[in-house]
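One letter stands for each residue in the lines below.
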Amino acid sequence: MTKCKTDCIERPLSLAFEKLGCVVGRHPCVFILFALCVSAALGPGFIFLHEREANDIEDQFTPANGPAKLERAIVEENFPQSEEFSQLRLASDGTYASLIITGLHRENILTEAAFNDIIELDRQVKSITSGNTFENLCAKTKGRCMSNAILDIINYNATEILSSNITYPMNNRTFLGTTIGGVEPNSSELTSAKAVRLFYFLDEKKKEKEEKMMMKNWLDGFLNLLSNSTERKTVHLSYFTSISRQNEFESNSDSVIPLFSVTYFLAITISILSCLRLDCVRTKVWVAAFGVVSTGMAVLAGFGLLLFCGMPFAMTVATAPFLILGVGVDDMFIMISCWQKTEVHKAVEIRLAETYKEAGVSITITTLTDVLAFYIGLMTPFRSVQSFCMYTSTALLFCYIFNITFFGACLALNGRREKGNRHWLTCMKVPEATGDDGGCCVGGAYDENTDKEFEMPIDSFFKNYYGPFLTRVWVKALVCLIYAGYLAASIYGCFQMQEGLDLKHLAADGSYVGSYYDKEDEFFSAFGPNVMLVIKDEHFQYWNPTARENLDLCLETFKNLTVANSSILPISWLSEYMKFGPNASFSLDTETQFKRHLTAFLNLSGFSQDVNFTNNQIHASRMFIQTVNIRTAIDEKNMLDVFRETAEQCGKFQTPVDLIVYHPAFIYFDQYAVIVSNTIQNIVVATCVMLVISLLLIPNPLCSLWVTFAIASVIVGVAGFMALWDVSLDSVSMINLVICIGFSVDFSAHISYAFVSSEKSSVNEKAVDAITKLGYPIIQGAVSTIAGVVVLAAAKSYIFRTFFKIMFLVILFGAVHGIVFIPVFLTFLSTCSNSHEKTQQNLPELSDTSERKVKAVVIQNVWCADPDCP
C-alpha cells in the first residue's frame, strides 16, 4: 500500500520530467535565453540593496514581540523625557561616549599620576568640536552638562584622590558601582581600584535632523580622538560610543565580500575536478563550470526579486550565497551522474529525457526538504532569521528552476558536442578512442557492454573495498562503539550550551568594541542593571496604609532576591514622601492630603520624573532596585526571570501591586526567554514535516522511523559539538539548526531508500549496494557544500564564523551518518526489506541475467536500483 502511494507521487513526476527533458534537449538555446532573461530582469533589484538593508541590532537580533519592548512603551508613555537629564531614568541606552581607564600593568588606578592623565583626557574629550562643541550638545542637569561623579568628588584635582574619604559603592547618596571597578570585595572605604569609567551623554531631546547629525559628528570625533591617541604613560584606554556597536556590525559585511570570489573559484575548481576525465570528449569541464554559473544566477534572481518586493535585507543574509552555492552544485552532480548512466548512442533529447526522469524527482525532493526547513524558520520571532530564511528559500527555488532549465540546456549542448566527438576545448572533431583509453587528441570512449560512459574509479572503491569492510562483524561493533561515544559527547555538549548572543560578538575581531566589553565584564560586573519597577495601576491607592504595606512587602521581596543588593536601599519616591509628610507636620493617609502636597514634594526632592501625576491622578510611578553579580549570560537570564516572577507574585497580594520591571538591557535579555523554546518548536515542526516526506518517499514505515532517528541524532550531535566549539545558542546558530534538519534528511532518507530498494538478497549485500551507489555522490555533495562555506572560517566576524562552524558540523555528521552509521544500523533490522523480498520471490526468473537491466532512480545523490522503473 505504501509502495503504491509512493508510486502515485513519483511516477507522474518522473513522466513530467521526462517530457520536460525532451523539450529542453530539443531547444536548449530557448531555455538558456529564458534563464538569462529572468536573471537580467530580476538582477537590477540589487539597486535597492542599500535601501533595503536592515542592520539595526535591536530590530534584527531581539524578539520582535519581546515583553521588554512592550514594557518600554509603557515607560515612554508614562515618563516622557525630562529637561533634567538622569542616566538612571533613561528608557533607552542613550546617546553617549564612554571611556574605561585602567592601569598599564593592572595596578591601582587611584593614584595622582593616573588621575592627572584621566583629568587631561576629560579635558580633551570636552574640547572636541566635530559638528559642535560638547557644551552645546551635552545632556544637562540644572543647566550644566552632566559630569562624572568621581571627578566631582575630587573637584578635578588629582591630588585629592589620596586625601578624599570615598565610600563604596554609595558615597553621599551617589552610586559609584558603574564608575569605579575592580574594587576589593567587602571594602566600604575606597582605597584601591583597577578601573575608572567616564560617561559623556549627549542631549537626546534634540530631534531635528541637523542636530542629530551634529551629535553623530561629535561621536565620530570622539572615536577619531581615541583611535589616534598615543599610548599613555600611566593608563590604558578602552573606548566606546552608543553608535559603535552599530557601526562595527554594519562594517562586518564588507569583510565578507572579498570571500565571494574565493568561494566561487573554489566551487568551480572542485566541480571541474569532480567531473574531470582524461577523455577529452567525455570530460565535463564546461558543464561543471556552468553549473556554478547557474547557482550564481539563482542568487541574482532570487535576491533581486525580494529586493524589488521590499523584503528587508539583514546582514545574516550575506551568508546565504555560500550555502546556496553548495546546494546548487550538489544538484548539478546528481544530473551529471544521471547523464553518465544514459546510453551514449541515443539522441541528445532522449538522453536528457532519461536524465530528467531519474534526476528530477531527486532534486525536487532535495529542494522540497531544504525549502520547507527554511520556511518553517519564518516562524521565529527574530527578524534576522526570518530575512535569512526568506532570501535563502527563494534563491533555492530559483536554483532549482535554473538547474532544470539553464543547466539542463548546457548539458544538452555539451551532449551535442559529445555526440559529434568534439574536443572539450577546441570543439574540433577528434578520433574516437577505443576501450577506456583517452587523451588530448582522442576521445569519446564508452563501455561497449552497456553503451554507457565508464564508471568513475571511486565507485569501484566503494563497491570492492569500503562496502565489504563496513559490513564485517567486528567493524559493525566498532561503528556502534564509535556511535555511542559520539552520542555521549553530544549529550554532554548539550548540557554545556550557553544561551544568547553576546553583543560584543556583533563587532569584528580585534575591534575596540570587543576590548571595551571585555574590560566592562572584567571590572564592572560586580553590579548589574539598576532595574526600574513601574506601578502601572492608575487606581492604586498610595495613601492607603494597607496598600502601602503591600507595596513595601513587594519592594522587600525584590530587595531580598539573590540578584539584588540588600545593602543598597531601593530608590523610592514614596519612601521619601512618607518621611517628608511627618517632618512637614501633615498626614499622608488621606487621598486629599496625599495629592495636595505631592507636586511640591516632587519638585523639591528631584523625584518629579518618577511619578506621572496629571489632572490630580497618579497614572503611574516607578522605583529602582540595584542588582549585583550579573557576570554571565546565565546570570542575565536568571535575573530577568526572577524579577518578572517576583513582579507577578506582587500582583497576587491581597491588595495587588500591578507592576512591570524594566531596564534597557532587558530588550536584549528577552532573547533568553524564547531562544530555547523557539528552537525546539522549529526543530519539532520541521522534523514532523520531514517525517511525512520520508514516509511518502520510502516504501517502508520502519525505515522512515530510522530517518527520523537520523535527523534527531544529527541535531543532537550538531547542538552538542557546537557548544563544545564555543558557539552559543542564539538567533545566528538557530538558523543553522533549522538548516540541519533539511540536510540530515538529504543523506539519511536516501540511503534508507537505497537499502530498501536494493535487489540483493542479504542485508549486508543491500548495505554494500546502497553504499556503492550513494558513496561518491555523498562525498561530492558534502565536499561541494563545505567548500561553499569554508572561506567563512577566515572571516573576522563571529556571525560568519558561526555559520561555517555549524554548517561544517551539519555536513560532516550528515555525511558520516549517511555512509557509516545508517548503513550499519539498517543491517540490524532486516524487516526493512521484507516486503520487497517477498515481492521479489513472486517475480519470474530471467534466463539471461545479463539482459536484466536495472534502471536507476536517483534520490539526492543516490543511485538506487528499482525494478519498478520503466
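Just above, that's the structure.
The rules we used
- Residues numbered from 1 in each chain as written.
- Predicted model: local features only at pLDDT ≥ 70, side-chain atom pairs only at ≥ 80, totals over all residues.
- Heavy atoms only, no water.
- Helix = DSSP H or I, 4+ residues; strand = E, 2+ residues; numbered from the N terminus.
- Buried < 20%, exposed > 50% of the residue type's maximum accessible area, 1.4 Å probe, protein only.
- Pairing = 2+ DSSP bridges.
- Contact = heavy atoms within 4.5 Å.
- Axes fitted to C-alpha atoms, helices over the stretch in contact; angles between N-to-C directions.
- Phe/Tyr/Trp six-rings, centres within 6.5 Å; stacked < 30°, edge-to-face > 60°.
- Core = buried A, V, L, I, M, F, W, Y, C linked by side-chain atoms within 4.5 Å.

Bringing unusual backbone geometry into the picture now. The amide bond that connects Tyr-168 to the next residue, Pro-169, takes the cis arrangement and shows omega of 10 degrees. Turning to its location among the elements, Pro-169 is positioned in the loop between helix 9 (160–163) and strand 4 (170–171). Phi at Cys-427 is positive, roughly 60 degrees, even though this residue is not glycine. The topology assignment puts Cys-427 in the loop between helix 15 (383–419) and helix 16 (457–470). Note on Cys-427: relative accessible area 39%, which makes it partly exposed.

Before going further, it helps to examine the sheet that holds strand 8 (residues 235–241). Here four strands make up an open sheet; going across it, the order is 6-7-1-8 and the pairing antiparallel. In this open sheet, the two edge strands, each paired with only one partner strand, are strand 6 (180–181) and strand 8. Across two bridges, the pairing between strand 6 and strand 7 (residues 195–201) is antiparallel. Within strand 7, the position partnered with Gly-181 by the bridge is Ala-195. In this fold helix 6 (residues 112–126) packs onto strand 1 (96–103), strand 7 and strand 8, with an angle of close to 15 degrees to the strand it touches most, strand 7.

Throughout the structure, instances matching the rule amount to 59 aromatic pairs. Measuring from centroid to centroid gives 6.2 Å for Trp-725 and Phe-808, while their planes differ by 75 degrees, and the two rings are edge-to-face. Of this pair, Trp-725 sits in the loop between helix 25 (701–724) and helix 26 (731–757) while Phe-808 sits in helix 28 (residues 798–826), and the two are 83 residues apart along the sequence. Aromatic pair Phe-804 and Phe-808: ring centres 5.8 Å apart, planes at 35 degrees, arrangement tilted. Of the two residues, Phe-804 and Phe-808 both sit in helix 28, four residues apart, roughly one turn of that helix. According to the relative accessible area criterion, Phe-808 is partly exposed, its value standing at 27%.

Moving on, we get to the nonpolar core. What tends to happen in soluble globular proteins is that the nonpolar side chains get buried as a cluster. Ranked by internal contacts, the top residues of the largest apolar core, which has 223 residues, are Trp-218 and Phe-558. When residues in this core are grouped by element, the largest group, 19 residues, is from helix 28. Those residues in contact with Phe-558, other than ones at most four positions away along the chain, are Leu-533, Ala-564, Ile-625, Phe-643, Thr-646, Ala-647, Cys-650, Leu-659 and Val-661. Ala-35, Ile-334, Ile-336 and Ala-409 belong to the second largest nonpolar core, which has 40 residues in total.

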